[in-house]
Amino acid sequence: MTANIDARADESATERQDAGRREVFQYAIRRFGVYLFTLWAAITVAFFIFRLVPGDPMNILLGNLTRAEGRQRDAAAEEAIIAHYREIFGMDDPLPLQYVNYLRKAVLGGLDLGPSFVEYPAQTKDLVFRRMPWTLGIFTTSVFLAWLIGTGLGALIGWMQRHGLSQLAVILSTLLQITPQYLVALGLIIYAGYTLRILPAGGPYARHLQPEWSWEFISSLIQHAILPMLSNMIVIGAGFTLGMRALMISVLGEDYLTFARAKGLSPFTVLKDYAFRNALIPQVTGLAIIIGATLNGTFIIEILFQYPGLGTLFVQAMGLRDFNTMQAIVLFSIFAVLTLTLIVDLALPLLDPRIRRVA
Amino acid sequence: MYFSKRGLMAIVLVVALLSMLSMAVAQDEELVFGDLPRSETFIVASQAPHNDVWDSFNYYQAPTYNNATGYANVIVEPSFITSHDFHAWLAQSWEYNEDGTEMTLVITEGANWNDGMPLTMDDWLFTLQYNQENADKGIAWSSFLRDVTWSAEGNEITFMLPEPNWRFHYNFTGIGTFTPVPKHVWEGQDPTTFKNPDAIHSGPYRLVSSNADTRTTIWERRDDYWDPDRMPAPKYMVWLKRPEADVAVFEWEEGNYDLGRMPNSVMIRMMSANPHIKPLVHQDPCPRGLIFNTTIPPLDDNLFRRALGLLLNRQAVANLANVPGYVTPVLWPNLGDPDETYYDAAAAEEFQVTTFDPEAAAALLDEAGYPLVDGARVDKNGEPISLDALYIDIGNPGWTVWAWLLSEQAQLVGIEINPRLLDIPTFLTQGPNGEFDIIFRWFCGNLPGDPIALFEGLHSDHALPIGERSGGVPGRYSNPEMDAIIEQLRTHNPASEEAQALFRQAYRLWAEEAPYVTLYGENEGVVFNTEYWTGLEVGQAWVHWTPAARQIIDFLEPANR
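Residues numbered from 1 in each chain as written. Chains lettered and ligands numbered in written order. Predicted model: local features only at pLDDT ≥ 70, side-chain atom pairs only at ≥ 80, totals over all residues.

### Topic: the overall build of chain B
To keep it simple, the criterion reads: Runs of H or I in DSSP of at least four residues are treated as helices and runs of E of at least two as strands, each being numbered from the N terminus. Any two residues are considered in contact once their C-beta atoms, placed from the backbone, lie within 7 Å.
On a plain count of helices and strands, chain B comes out with 17 helices and 24 strands. Within chain B, contacts between residues separated by at least 24 positions form 68% of all contacts whose residues are at least 6 apart in sequence.

And the structure:
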């Protein structure tokens, strides 16, 4: 009899587990569907919005050509050149057809996003793939480092909320959080780069070097990345610090913390296993949100530090009204942000069993 | 040979001292970009356009290539350099036959490419053929060879032209014009995709490296340059794209660049911080002016357009420019003193082409039928006149000041003119498309002894419907009388008396009709650091984004530090 009850209980537990797995799987599928839809919508909006911006890339091309020709202009020759480029860039087709061709080539043509003006005749895809690691390198590293440091620091100053140093940290973090990233970057360039001369103030590595697996190159790469990353980290980290502090303070009043203390657990254990862990979940969600919100800030930093990433490329493409490159950057940026957000979203159930159950 | 202990110690000491001394001497030599001696390196901080090509040295991709690498400036050498006058370079001279149907070009003998191979007549003939054969690929400098044949003898190429053309030599004398390419490099290559990775051309430098990440190109002087008299002093040239002006200013203050452009607003600060920094002011060959959209009332009325011309205070624009001598009023469409060979002084006076006279403007408006009603000028339909004046801001004060001064003066006579700032791509689109009332513009075409380009753009061929890009003066001006003059000018020898009389007629018609009006001539400010190099001075005409820079580097001399 007891064995039957146990067997039924086991069966029921297995069924619950299977149902739970199914629900998590369905959640992941739903989430992935939203991801794909958002990606398509972003590509579509980007395609049409960039074409609504006044300014024809062919006129800018003509401006370059006129400058190259200087005083002697040949209108017929210019027309022939423009016609040639219009054909290459598919600009003679009606807009809806351009859109269909763009989607077709992007999806079925092995991510063929057309040629670029910025680095003609380079393909836009190659251009973006070459620049993307620079952006993702400083962006993801600085955001995750800012998150780690901000979360740790925020937990600590939340835990020690009445301490004088904690209050000072709050004031400092508030000031840094509202400071525009470009101001922080300029400040670092001026003081760290030119006044104190402790770190290089621009470029991805020393101008005379070529990428190679040598200590000279790698150390130069690291040195050149410090200031741009710091510019990002200072502002973003301050935001994370304040967020985590607020979460900690809200958790501190919970009954389970009082119970944990009453059990005689050490303050560090209470902080680590009870307060910090419970405050962490919204902070992880915050990371997903901040990833989307701060990529544009990284673009500005790239320009100031002459970092050859997507931000610099976007400004160049905008100046030439290079639709293909602008679209590709938006596409890849959204892809990167959505993917990172998706990973964080899918990781949440792993961090918090309650989310698994809700799912 | 035996040394005592003391002797050995003395030798070791001397060797150690000598090593330390040599190290100290070596350390005195400042090195840049790895191991380049600063005193032998000339660094150009370029403010290139948005094109960002650092691994292709393809001269045929003129509309899309990057001119920040220095390739187009000092490595590609033209047939002639046009700077104040024509300077022989890869070609020596040209000559026409009696009726202008043939032109003979004498090429320079003894030139070579920067890979050491000789530059021969074969290269010239190959390039002519190559350009003609690839004309359908949208490459530059090919269309002028349409229906043209040629033959070569000795060091002369004779071009047989399909019709009289006294201006065929412009295809060899302009800023960026036909120049031969090495046959052994380009043969069998596609001109639209070939990258010419070793940057082979006839200039005095060889490519060391070019890096798209750091936007830096390093060149080293070659000892086998074909013209020893024009061997430049810098052993190394580094061309790089400078950071944003806010950051670049620190590089200049520290003396890290030798030549480049910076906004005028930071020049004074830079000069105070680094006494070696000098501004070099050079006259831009293209005077500035305003174009009126002649299809829109009341701008379709030449009297109204002339009245607007009278409201332009050219001297005030010059005075408000923040660098003295930066902007000077233009007395006729060309820069410099009016040349009466081509210029009708009586017409200039009669139609007051550069006069600032608001009272005369008001009288002209009254006479033309634009009365002042309740403080506002009204058009022929009785509606108050309101116009937009489009401009861009690239940091030069003259480009913006005019719009506000014109608006202020127009308001005093009852006309509303709204200055509208556009970003450059929009400006470059709306202008040629004719989508404007009044627009700021530059007028290039002042070739020595031939001002046809100042009128050519007024031919009605360019008066396309609004919204379609026009290659001429985009105000959609159309006048059969002007067309007839331009068509005659196209076939006449500009040096002939007939042509000169036609130029004066065109000038009179332009002054009376005012399809566009002149504003000022502008001097281009360039920053030069004299700490390591000297020799560049005000008055040496040049524009550093063009092959004229090839001529300029010959002026450089090491500074006595």
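Having seen it, we continue.
### Digging into the nonpolar core
Where a protein is soluble and globular, its nonpolar side chains tend to be buried together. Test applied: Connectivity within a nonpolar core runs through C-beta atoms within 7 Å, and the core itself is a set of buried Ala, Val, Leu, Ile, Met, Phe, Trp, Tyr and Cys residues. Three classes are used. A residue is buried when 20 or more other C-beta atoms lie within 10 Å of its own, exposed when 12 or fewer do, and partly exposed in between, with C-beta atoms placed from the backbone.
Ile329 of chain A together with Leu290, Leu311, Leu390 and Ala506 of chain B are the most contacted members of the largest nonpolar core, which totals 209 residues. Top contributing element to this core by residue count: helix α8 (residues 215–252) of chain A, with 15 residues. Excluding its chain neighbours within four sequence positions, the residues that come into contact with Ala506 of chain B are Phe455, Met482, Ile485 and Leu489 of chain B.

### Notes on the packing of helix α15 (residues 480–491) of chain B against helix α16 (residues 497–513) of chain B
Residue and element names in this part refer to chain B. Quick reminder of the rule: Lines are fitted to the C-alpha atoms to define the axes, a helix being fitted only along its stretch in contact, and any angle between axes, read from their N-to-C directions, falls within 0 to 180 degrees. Geometric relationships in this document are graded by angle, where less than 35 degrees denotes roughly parallel, more than 145 denotes roughly antiparallel, 65 to 115 denotes roughly perpendicular, and other angles denote oblique. Two helices crossing with the near one rotated counterclockwise from the far one by less than a right angle form a left-handed crossing, whereas a clockwise rotation gives a right-handed crossing. Residues are grouped as follows: nonpolar covers Ala, Val, Leu, Ile, Met, Phe, Trp, Tyr, Cys and Pro; charged covers Asp, Glu, Lys and Arg; every other residue, Gly included, is treated as polar.
In contact at an axis separation of 10 Å, α15 and α16 are set at 155° when each is read in the N-to-C sense. Our classification of the angle between α15 and α16 gives roughly antiparallel. You can see that α15 and α16 cross each other, and the crossing is left-handed. Taken together, the residues of α16 that come into contact with α15 (itself represented by Glu481, Met482, Ile485, Gln488 and Leu489) are Ala499, Leu502, Gln505, Ala506 and Leu509. The residue makeup of the contact of α15 with α16, split by class, is 7 nonpolar, 2 polar and 1 charged.

### Overview of the pairing of strand β22 (residues 516–529) of chain B
Residues and elements named next belong to chain B. Basically, it comes down to this: We treat two strands as partners when DSSP finds at least two bridges between them.
Summarising burial for β22: 12 of the 14 residues are buried, a large majority. Judged from the 2 bridges that link them, strand β13 (residues 259–260) and β22 form a sheet pairing that is antiparallel. Note that in β22 the partner of Leu259 across the bridge is Phe528. For strand β14 (residues 277–283) and β22, the ladder comprises 7 bridges, and the chain directions are antiparallel. Counterpart to Gln283 in the pairing with β22 is Asn523. Here 4 bridges tie strand β15 (residues 288–292) to β22, and the two strands are oriented antiparallel to one another. When the bridges of β22 are listed, Arg288 appears paired with Tyr520.

### Quick look at the sheet that holds strand β7 (residues 102–107) of chain B
All names here are of chain B. Taken in spatial order, the 4 strands make up an open sheet running β6-β7-β9-β8, and their pairing is antiparallel. Strand pairing shows two members of the sheet lacking a second neighbour, β6 (91–96) and β8 (149–153), which therefore form its edges. Pairwise comparison of adjacent strand axes, ignoring direction, gives a mean angle of 20° for this sheet. Pairing of β8 with strand β9 (residues 156–160) involves 5 bridges; the strand directions are antiparallel. Looking across to β9, one finds that Glu153 is bridged to Glu156. Helix α3 (residues 121–133) contacts β7, β8 and β9 of the sheet and is inclined by roughly 175° relative to β8.

### With respect to the packing of helix α8 (residues 302–310) of chain B against helix α11 (residues 358–368) of chain B
All names here are of chain B. The N-to-C vectors of α8 and α11 enclose an angle of 165°; their axes lie 8 Å apart at closest approach. Compared by their axis directions, α8 and α11 come out roughly antiparallel. The two elements α8 and α11 meet at a crossing, and its hand is left-handed. The residues of α11 that touch α8, namely those facing Leu303, Phe304, Arg306, Ala307 and Leu310, are Pro358, Ala360, Ala361, Leu364, Leu365, Glu367 and Ala368. Class assignment of the residues belonging to the contact of α8 with α11 gives a composition of 10 nonpolar, no polar and 2 charged.

### Notes on the pairing of strand β12 (residues 236–241) of chain B
Residues and elements named next belong to chain B. Summarising burial for β12: 5 of the 6 residues are buried, a large majority. In this sheet, β12 lies alongside strand β3 (residues 41–46) in parallel orientation, the contact comprising 6 bridges. Bridge pairing in β12 places Ala45 opposite Leu240. Looking at chain direction, strand β11 (residues 216–221) and β12 are connected through 5 bridges and run antiparallel. Across the sheet, Thr217 pairs through a bridge with Trp239, a residue of β12.

### With respect to the confidence of the model for chain A
Residues and elements named next belong to chain A. Applicable threshold: A residue's pLDDT is simply how confident the predictor is in it, with values from 0 to 100.
Chain-level pLDDT for chain A is 83 on average; 92% of the residues reach the 70-or-more range. The secondary structure element of chain A with the lowest average pLDDT is helix α13 (residues 353–358), at 62, and the one with the highest is α8, at 92. Confidence over residues 68–72 falls short of pLDDT 50; this stretch has 22 contacts with residues more than four positions distant or in other chains.

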